[in-house]
Amino acid sequence: MIARWWERRRGCGEESAGRSAPTSVGVPVGGTVLVLGVLSVLLCLVSLAVGSHSLTLEEVAGAFVPGRTTVASVIVWQLRMPRTVLAVMVGASLAVAGVVMQGLTRNPLAEPGILGINAGASLSVVLSMSLLGLTDVSDFLWFAFAGAALAAFLVHLMSVRSADAGPARLVLAGVALGASLRSITGTITMYDSVTFDSYRFWVLGSLADRDAVLLVWVAPFLAVGLVLALASGLTLNALALGEEMAIGLGVNVTRTRLAAASAGVLLCSAVTAVIGPIGFVGLMVPHTVRMLCGPDHRWLLPLSALCGADLLTLSDVVGRVVSRPPAALPVAVVTAFIGAPLLIMIVRGTKVRRL
């Protein structure tokens, strides 16, 4: 019933505007999928080839030949393949989490950090470093995940403590909790120089020195989060019309919010725990894709996943190119350079397709 109603609503609105439906399987969406898919393959190949020891595309292709053991194959499989796969997974997860957060809160400026998840993970990492002396990513991984999940739970608890709980209250609770947690983190690192030295490498948000073991750990969480997010596409369409309309269409609003929030928490928590906080991806990708294919979450979610994977892979490649080898600019720094102008345009009132 919801699907038929949404299609009728989209069809009537677009017919009156004198244009074809961008969310139907046609040239606009089909062409976007094709372009993003081809771009993903090309960026992955470039990511495998670019680094302190550059490889040709022939050498990269030769690394996939079974039984061949060369310097190029060792570089590709042991160093760059885990990094490239992680970039794809992280970019897709952050973009999908951004779509879910914006649909859930009906706030065009929402992104994964708005629920205080990044701040919760950061505080947990700092505490594990300061109190337990942990310095390796594999050591404080679970602490980061626990802190992020606890922050998300506290935000939800704060937002439902009154009868008028809603998207605005959820956003305010996330901003308030995030600011409080960041102030505690800053206080600890200010007086503990050893902790600060270890923390600053994680908080920059870098894909460097992340091995295949982390991929095995994080993959189940990201897979569950992506499935929950994609399954919430149609109900997020109804929720975007308002609670009363969604209830009238037969949507269980509480279940929809729980599933969407769980997806966002899983995706953002796992990503933040592994490589640190990365901003702007969850903000700029949904807006960009929404201007290309429209507000239908059934298309917005998968296309944002593709676009997010492309963006983070490209950012990682750019970070390696502009830096002097073997150093690389952290991917979070590159995404900030790209995302900051977009945020300024949104704040200044640049026309952006509404949710």
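1. A word on the overall build of the chain
From N to C terminus, the chain includes 15 helices and zero strands. The 355 residues of the chain split such that 49% are buried. Restricting the contact set of the chain to residue pairs at least 6 apart, pairs at least 24 apart contribute 76%. When the accessible area of the chain is evaluated, it comes to approximately 16700 Å², of which 68% is carbon and sulfur surface.

2. With respect to the nonpolar core
Judged by nonpolar contacts, the single largest core of 85 residues is most densely connected at V90, I117, V274, I275, I278 and V285. The element that contributes the greatest number of residues to this core is helix α4 (residues 71–105), accounting for 13 residues. Core analysis: the next-biggest nonpolar cluster, separate from the first, contains nine residues, L48, L55, A63 and A72 among them.

3. Some points on the packing of helix α6 (residues 137–159) against helix α9 (residues 212–231)
Axis separation between α6 and α9 bottoms out at 12 Å; the angle between their running directions is 15°. In this view, α6 runs roughly parallel relative to α9, as classed from their interaxial angle. With respect to the hand of their crossing, α6 and α9 are arranged in right-handed fashion. Across from V137, L141, W142 and F145 in α6, the residues of α9 making contact are L214, W217 and F221. When grouped by side-chain class, the residues that make up the contact of α6 with α9 number seven nonpolar, no polar and no charged.

4. Some remarks on the confidence of the model for the chain
Taken residue by residue, the chain gives an average pLDDT of 80. The fraction at 70 or more is 86%. The lowest-confidence element of the chain is helix α1 (residues 2–16), averaging 49 in pLDDT; the highest-confidence one is helix α14 (residues 297–322), averaging 92. Note that pLDDT drops below 50 for residues 11–27; the model gives that stretch 17 contacts with residues more than four away or on any other chain.

5. Some points on the side chain of T256
Within the element layout of this structure, T256 appears in helix α12 (residues 253–275). What T256 contacts, discounting residues up to four positions off in sequence, is T235, L239 and V251.

6. A word on the pattern of salt bridges
Under the counting rule described, the total for this entry stands at three salt bridges. For R320, the salt bridge is made with D316, and the minimal N-O distance between the two is 2.9 Å. Linking R320 with D316, this pair stays in helix α14, spanning four residues, or about one helical turn. Grouping residues by exposure puts R320 and D316 together as buried. Members of the salt-bridge network, linked through shared partners, are R83, D316 and R320.

7. With respect to α9
The first and last C-alpha atoms of α9 sit 28 Å apart over 20 residues, in line with the 28 Å expected at 1.5 Å per residue. Its axis deflected by about 40° at V218, α9 carries its strongest bend there, up to four residues before the proline P220. Among the residues of α9, L214, L215, W217, V218, L222, G225 and A229 are the ones counted as buried. Of the surrounding secondary structure, the elements contacted by the buried residues of α9 are α4, α6, α10 (233–239), α12 and α14.

8. What about α4?
Here α4 contains 35 residues, and its C-alpha end-to-end distance of 50 Å stays within 8% of the 51 Å for a straight helix at 1.5 Å per residue. Extensive coverage of α4 is indicated by the burial of 28 of its 35 residues. Where α4 terminates, the next one or two residues include R106, which has phi positive at roughly 55°.

9. Topic: the layout of surface pockets
Empty space among the atoms can be located by rolling a probe the size of a water molecule over them. Of the voids in this model, the largest pocket is the one considered here, and its volume is about 780 Å³. Lining the largest pocket are 30 residues, with R83, L207, A208, D209 and R210 positioned closest to its centre. Counting only elements with at least two residues in the lining of the largest pocket, the list comes to α4, α6 and α8 (193–203). With five residues, the single largest contributor to the lining of the largest pocket is α4. When its residues are assigned to classes, the lining of the largest pocket shows 16 nonpolar, eight polar and six charged.

Calculation criteria
Residues numbered from 1 in each chain as written. Predicted model: local features only at pLDDT ≥ 70, side-chain atom pairs only at ≥ 80, totals over all residues. Heavy atoms only, no water. Helix = DSSP H or I, 4+ residues; strand = E, 2+ residues; numbered from the N terminus. Buried < 20%, exposed > 50% of the residue type's maximum accessible area, 1.4 Å probe, protein only. Contact = heavy atoms within 4.5 Å. Areas by Shrake-Rupley, 256 points an atom, 1.4 Å probe, with all protein chains shown as cover. Core = buried A, V, L, I, M, F, W, Y, C linked by side-chain atoms within 4.5 Å. Axes fitted to C-alpha atoms, helices over the stretch in contact; angles between N-to-C directions. Parallel < 35°, antiparallel > 145°, perpendicular 65-115°, else oblique. Left-handed = near helix turned anticlockwise from the far one by under 90°. Nonpolar A, V, L, I, M, F, W, Y, C, P; charged D, E, K, R; others polar. pLDDT = per-residue confidence, 0-100. Salt bridge = Lys/Arg side-chain N within 4 Å of Asp/Glu carboxyl O. Expected span 1.5 Å × (residues − 1). Bend = angle between axes of the 7 residues up to and from the residue. 1 Å grid on protein atoms, 1.4 Å probe; cavity = no way out; pocket = protein on both sides within 12 Å on 5 of 7 lines; lining within 4 Å. Points joined across faces, edges and corners; volume = space filled by probe spheres on them.

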